[in-house]
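Single-letter residue listing:
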Amino acid sequence: MVEIERDRWGRPLIPAADGGPATGYTRVTTISEIQGDRYHIEKWKERSVVLGMGRDPELIRFAKMVEGNETAADKKVLNGIAEQAHKAAKSDQKALDGTELHDIFYKIHRGDVVEIPDKWRRHVAEWKRITADWTFVNTEQMVISDTHSYAGTPDAFAVIPAIHPTLPICVDYKTGKSVDFGIREMAAQLAMYVHGEFLWEHRDGLDRRPMPERSMDVGVIFHINANGGGVSTLYQLDLVEGWEAAQRSMAVKAWRGRTINQLTTVIPVGEPVEQWLRRRIMRLSVLPGGLERLSDRMLPEWGNLTSGIAMEYEAAIVKSLEIIEDQCQAPFAERHPLSPTTTRKRK
């Protein structure tokens, strides 16, 4: 098939239906994962980094050279160290195994002569046994939704007699140890596939073509444990609920795109130097003898807290406040808001 062009975030670039410029369509999995429970996978990532650091002492040495986690440069270095730690822990091996098994299934669907590695023979034999009476309509073809600007590639659409005698069902292969924690995301994922409006990817090119007739209500997860010796389980998913979840995820994604300018209005709180003077005055007013001293030294033309401070007298006001603070033995620690900040130089 023709290679699909992608943007810098990995999103497939889909030309507008009217021939306009291509835009990046959000990947289906990006949306379906929004409502997922990330606790277990985040903990797995943390453990993988720790394991990888333990296996490669050089990574620990590099990490000690980083001074913090605040600057863009430090973050980039630390991200690289974490990525290398994952590789050292071989955390991606199961994903690579799953990709290899998917590739074998796809090549068999395509009619290629496939040399099956010994470690996958039982898995492929079990897959062939279970799908013996299935009729595959299409496999590994990208689906797009112009309405919602998403794109994704289901593993297959197939007629499965045990579910429906003629209507193709969306099927997705999962090769992890378990689907327990991801089943809700999978329901949203397959629902988005069946609600796609067009097939985009074809043997002879890329263009919009009608989706095949398909079930909009159910989908199937074919769980074939890559490390389970070929043991497989079929899960029938409720795609009606899955589509409701997908729509909620798309709403959350849209909400995350709102900016601070779209969601807020800045409440005026006055000029910063005036507010700084106000804080000094209010502080002195509650100290013993402070209010009397303020009444003696503050001139009427300087203004007041009610009508505002006349900032043209700032220097005189500051001088008087400093005298009162000395008299009250209460120096004001907050620096002038317009005084230059100092930064600690790195050694």
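Since the structure is predicted, the reported quantities are computational estimates derived from the model, not experimental observations.

## Here's the deal with the packing of aromatic side chains
Inspection of the entire model under this criterion finds 8 aromatic pairs. The interplanar angle of 75 degrees and the centroid separation of 5.6 Å between the aromatic rings of Tyr-173 and Phe-222 together place this pair among those described as edge-to-face. Here Tyr-173, found in strand β8 (residues 168-174), pairs with Phe-222, found in strand β11 (residues 218-224); they are 49 residues apart in sequence, far enough to count as distant. Its relative accessible area of 3% is what places Tyr-173 among the buried residues. Within the aromatic cluster, the residues linked to one another by ring pairs are Phe-105, Trp-127, Trp-134, Phe-136, Tyr-173 and Phe-222.

## Brief notes about helix α8 (residues 239-256)
The end-to-end C-alpha distance of α8, which contains 18 residues, comes to 25 Å, matching closely the 26 Å that a straight helix rising 1.5 Å per residue would cover. All buried positions along α8 are accounted for by Leu-239, Gly-242, Trp-243, Ala-245, Ala-246, Ser-249 and Met-250. Summarising the axial view, the buried residues of α8 lie within an arc of 160 degrees, below the 170-degree limit, and thus occupy one face. Residues of α8 that are exposed and point more than 90 degrees away from the buried face comprise Glu-241 and Trp-255. In this fold, the buried residues of α8 make contact with α1 (28-32), β6 (150-152), α7 (183-194), β11 and β12 (232-238). Regarding α8, its N-cap is Asp-238, as a side-chain oxygen of that residue lies 2.9 Å from the backbone nitrogen of Val-240 further along.

## Observations regarding the sheet that holds strand β4 (residues 135-139)
Strands in a sheet are paired, the pairing made by backbone hydrogen bonds, and the direction either parallel or antiparallel. Overall, mixed pairing links the 5 strands, which are arranged β4-β7-β8-β11-β12 in an open sheet. Whereas interior strands pair on both sides, the edge strands pair on one side only; in this sheet they are β4 and β12. Within the sheet, the average angular offset between the axes of one strand and its neighbour, ignoring direction, is 30 degrees. Strand direction decides the pairing type here: β4 and strand β7 (residues 156-159), joined by 4 bridges, are antiparallel.

## Looking at the side chain of Asp-97
By secondary structure assignment, the location of Asp-97 is in helix α5 (residues 93-110). You can call Asp-97 buried: its relative accessible area is 10%. Contact partners of Asp-97, with chain neighbours within four places excluded, come to Lys-119, Trp-120 and Asn-227.

## Let's talk about unusual backbone geometry
We note that Glu-140 has phi near 50 degrees; this positive angle belongs to a residue other than glycine. Considering the arrangement of structural elements, one finds Glu-140 in the loop between β4 and β5 (143-145). For Glu-140, a relative accessible area of 22% translates into the label partly exposed. At Ser-149, a residue that is not glycine, the phi angle is positive and equals roughly 55 degrees. For Ser-149, the position within the fold is in the loop between β5 and β6. For Ser-149, a relative accessible area of 31% corresponds to the partly exposed category.

## With respect to the packing of helix α3 (residues 57-64) against helix α4 (residues 72-88)
Axis separation between α3 and α4 bottoms out at 10 Å; the angle between their running directions is 170 degrees. The pairing of α3 with α4 is recorded here as roughly antiparallel in orientation. Counted together, Leu-59, Phe-62 and Ala-63 of α3 and Ile-81, Gln-84 and Ala-85 of α4 form the full contact between these two elements. Partitioned by chemical class, the residues of the contact of α3 with α4 number 5 nonpolar, 1 polar and no charged.

## Overview of a negative patch on the surface
A cluster of acidic residues, Asp-217, Asp-238, Glu-241 and Glu-244, forms a negative patch on the protein surface. The exposure class of Asp-217 is partly exposed, given its relative accessible area of 46%.

## Notes on the pattern of salt bridges
This model, assessed by the stated rule, comprises 16 salt bridges. The salt bridge involving Asp-112 is made with Arg-110; its shortest N-O contact spans 2.4 Å. Arg-110 gets classed as partly exposed once you look at its relative accessible area, which sits at 34%. Between Arg-278 and Glu-274 there is a salt bridge, with its nearest N and O atoms 3.5 Å apart. With Arg-278 and Glu-274 both in helix α10 (residues 272-285) and 4 residues apart, this pair spans about one turn of that helix. Each of the two residues, Arg-278 as well as Glu-274, counts as buried.

What counts, and at which threshold
Residues numbered from 1 in each chain as written. Predicted model: local features only at pLDDT ≥ 70, side-chain atom pairs only at ≥ 80, totals over all residues. Heavy atoms only, no water. Phe/Tyr/Trp six-rings, centres within 6.5 Å; stacked < 30°, edge-to-face > 60°. Helix = DSSP H or I, 4+ residues; strand = E, 2+ residues; numbered from the N terminus. Buried < 20%, exposed > 50% of the residue type's maximum accessible area, 1.4 Å probe, protein only. Expected span 1.5 Å × (residues − 1). Arc of directions from axis to C-beta. Contact = heavy atoms within 4.5 Å. Polar contact = N/O pair within 3.5 Å; in protein donor to acceptor, adjacent residues only side chain to side chain. Pairing = 2+ DSSP bridges. Axes fitted to C-alpha atoms, helices over the stretch in contact; angles between N-to-C directions. Parallel < 35°, antiparallel > 145°, perpendicular 65-115°, else oblique. Nonpolar A, V, L, I, M, F, W, Y, C, P; charged D, E, K, R; others polar. Patch = residues over 30% accessible without salt bridge, like charges linked within 9 Å, V, L, I, M, F, W, Y side chains within 5 Å. Areas by Shrake-Rupley, 256 points an atom, 1.4 Å probe, with all protein chains shown as cover. Salt bridge = Lys/Arg side-chain N within 4 Å of Asp/Glu carboxyl O. Lys, Arg positive; Asp, Glu negative; His and termini not counted. Charge placed at Lys NZ, Arg CZ, Asp CG, Glu CD.

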